[in-house]
Amino acid sequence: MKKSELKKLVAEYKETKLKFQKSNNYKLKEKIAEIEHRYYHETGRILKIESKEFR
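In this text the structure is predicted, and so the values were computed from the model without any measurement.

Procedures and definitions
- Residues numbered from 1 in each chain as written.
- Predicted model: local features only at pLDDT ≥ 70, side-chain atom pairs only at ≥ 80, totals over all residues.
- Heavy atoms only, no water.
- pLDDT = per-residue confidence, 0-100.
- Helix = DSSP H or I, 4+ residues; strand = E, 2+ residues; numbered from the N terminus.
- Salt bridge = Lys/Arg side-chain N within 4 Å of Asp/Glu carboxyl O.

Asker: Provide a residue-level description of the confidence of the model for the protein, including the pertinent values.
Answerer: Looking at the protein as a whole, the pLDDT averages 87, with 87% of positions reaching at least 70. Per-element confidence in the protein ranges from a low mean pLDDT of 65 for helix α3 (residues 47–53) to a high of 94 for helix α2 (residues 26–43).

This is the structure in structure tokens:
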């Protein structure tokens, strides 16, 4: 995965996380878990820790 694709994935993660905090929707929670798994599979790092670096 390219760096630009990883940045898009992190941006999607942040956006979905904000939506989830507002609505507490189960589908959004599943999407967050899917994005975290995909990021871990591609990089070997945990997204929760990495997202702090992208701020």
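Asker: Help me get a handle on the pattern of salt bridges, residues and values and all.
Answerer: Tallied over the full model, the rule gives two salt bridges. Between Lys31 and Glu12 there is a salt bridge; the shortest N-O distance is 3.4 Å. Pair noted here: Lys31 is in helix α2 and Glu12 is in helix α1 (residues 3–23), with a separation of 19 residues, a long-range link. Its salt-bridge partner being Lys19, residue Glu15 comes within 3.4 Å of it at the nearest N-O pair.

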